[in-house]
Amino acid sequence: MITVNPLRIRAFIAQVDTTGGPDACWTWRGHKNDDGYGRFGKQSEGAHRVAYELMVRAVPDGLTVDHQCHNADTTCPGGTTCAHRLCVNPAHLEAVTQRENLLRSPHTMPHHNAAKTHCPRGHRYTPENTYSRRTAKGYARRECKTCRRERLAA
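Quick summary incoming for the structure in this document. All values derive from a computational prediction rather than experimental measurement.

Thoughts on the side chain of His48
- Structurally, His48 can be placed in helix 2 (residues 47–55).
- Each residue touching His48, except ones within four places of it in the same chain, is listed here: Tyr37, Val65, His67, Cys87, Val88 and Leu93.

Okay, structure coming up:
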């Protein structure tokens, strides 16, 4: 958790563009990293995380701060030039698990894979026809049981 004091709040707010009003993205004008996220303070903390902690509450252990404005914008191309990465409007931020953060964004592979209803060979992913396994790196993978049976029988 960050330390809250008036000077820190003043220094933070001085680097935020709120001219769009309370519903607009509040753009971070300070330092940003190579990934396009705003950075603040001596420890170079994520500006959106600092905004959440200053104006909402401490981010619970194990959670990350998600930009809801990014998830709602279907025209945003994503990537390091995504303008939402610089948004620090606390109304646009929510503390969620990393998994939820990845599933919400229309620009991630987990989002696209979770939306698939059929395997590459056309079999429906149902609880009865889906085998879930973890890779060596710990990622969850779905496998079609019908395809698996056919592969093992060959």
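Digging into the packing of helix 1 (residues 6–13) against helix 2
- At a minimum axis separation of 12 Å, helix 1 and helix 2 run at an interaxial angle of 135°. Relative to helix 2, the element helix 1 is oriented oblique. Where helix 1 crosses over helix 2, the two elements pack in a sense that is left-handed. Where helix 1 approaches helix 2, its residues Arg8, Ile9 and Phe12 are matched on the opposing element by Ala47, Val50, Ala51, Leu54 and Met55.
- Split by residue class, the contact of helix 1 with helix 2 holds seven nonpolar, no polar and one charged.

Brief notes about unusual backbone geometry
- Of note, Ser44 is a non-glycine position whose phi angle comes to about 50°, a positive value.
- Here Ser44 is to be found in the loop between strand 3 (39–40) and strand 4 (45–46).
- When its relative accessible area of 27% is taken as the criterion, Ser44 is described as partly exposed.

Focus: the packing of aromatic side chains
- Per the counting criterion, the structure on display carries three aromatic pairs.
- With 4.9 Å between their ring centres and 35° between their planes, Phe12 and Trp28 make a pair best called tilted. Here the residue Phe12 occupies a position in helix 1, and Trp28 occupies one in strand 2 (residues 27–28), the gap between them amounting to 16 residues. The two residues Phe12 and Trp28 agree in class, both being buried.
- Consider the rings of Phe12 and Phe40, whose centres lie 5.2 Å apart with planes at 90°: the pair is edge-to-face. One end of the pair, Phe12, is in helix 1; the other, Phe40, is in strand 3, with 28 residues separating them in the sequence. Phe40 matches Phe12 in its accessibility class, with the two residues each being buried.
- Through pairs of rings, three or more aromatic residues link up here, namely Phe12, Trp28 and Phe40.
- The ring of Tyr125 carries Arg142 above its face, with NZ or CZ at 4.2 Å from the centroid.
- Across from the ring centre of Tyr131, 4.5 Å away, lies the NZ or CZ of Arg148, which sits over that ring.

Details of the pairing of strand 5 (residues 64–67)
- Neither face of strand 5 is left uncovered, since the one carrying Thr64 and Asp66 and the one carrying Val65 and His67 both have all their residues buried.
- As paired elements, strand 5 and strand 6 (residues 93–96) share four bridges and run antiparallel to each other. Bridging from a neighbouring strand, His67 pairs with Leu93 of strand 6.

A look at helix 2
- Across the nine residues that make up helix 2, a large majority, seven, are buried.
- Burial in helix 2 covers these residues: Ala47, His48, Val50, Ala51, Tyr52, Glu53 and Leu54.

Some remarks on the environment of Leu103
- The topology assignment puts Leu103 in helix 4 (residues 98–104).
- When its relative accessible area of 23% is taken as the criterion, Leu103 is described as partly exposed.
- Residues Leu103 and Ala115 lie twelve residues apart in sequence; the distance between their C-alpha atoms is 9.4 Å.

What counts, and where the lines are drawn
Residues numbered from 1 in each chain as written. Predicted model: local features only at pLDDT ≥ 70, side-chain atom pairs only at ≥ 80, totals over all residues. Heavy atoms only, no water. Helix = DSSP H or I, 4+ residues; strand = E, 2+ residues; numbered from the N terminus. Contact = heavy atoms within 4.5 Å. Axes fitted to C-alpha atoms, helices over the stretch in contact; angles between N-to-C directions. Parallel < 35°, antiparallel > 145°, perpendicular 65-115°, else oblique. Left-handed = near helix turned anticlockwise from the far one by under 90°. Nonpolar A, V, L, I, M, F, W, Y, C, P; charged D, E, K, R; others polar. Buried < 20%, exposed > 50% of the residue type's maximum accessible area, 1.4 Å probe, protein only. Phe/Tyr/Trp six-rings, centres within 6.5 Å; stacked < 30°, edge-to-face > 60°. Lys NZ or Arg CZ within 6 Å of the ring centre and 35° of its normal. Pairing = 2+ DSSP bridges.

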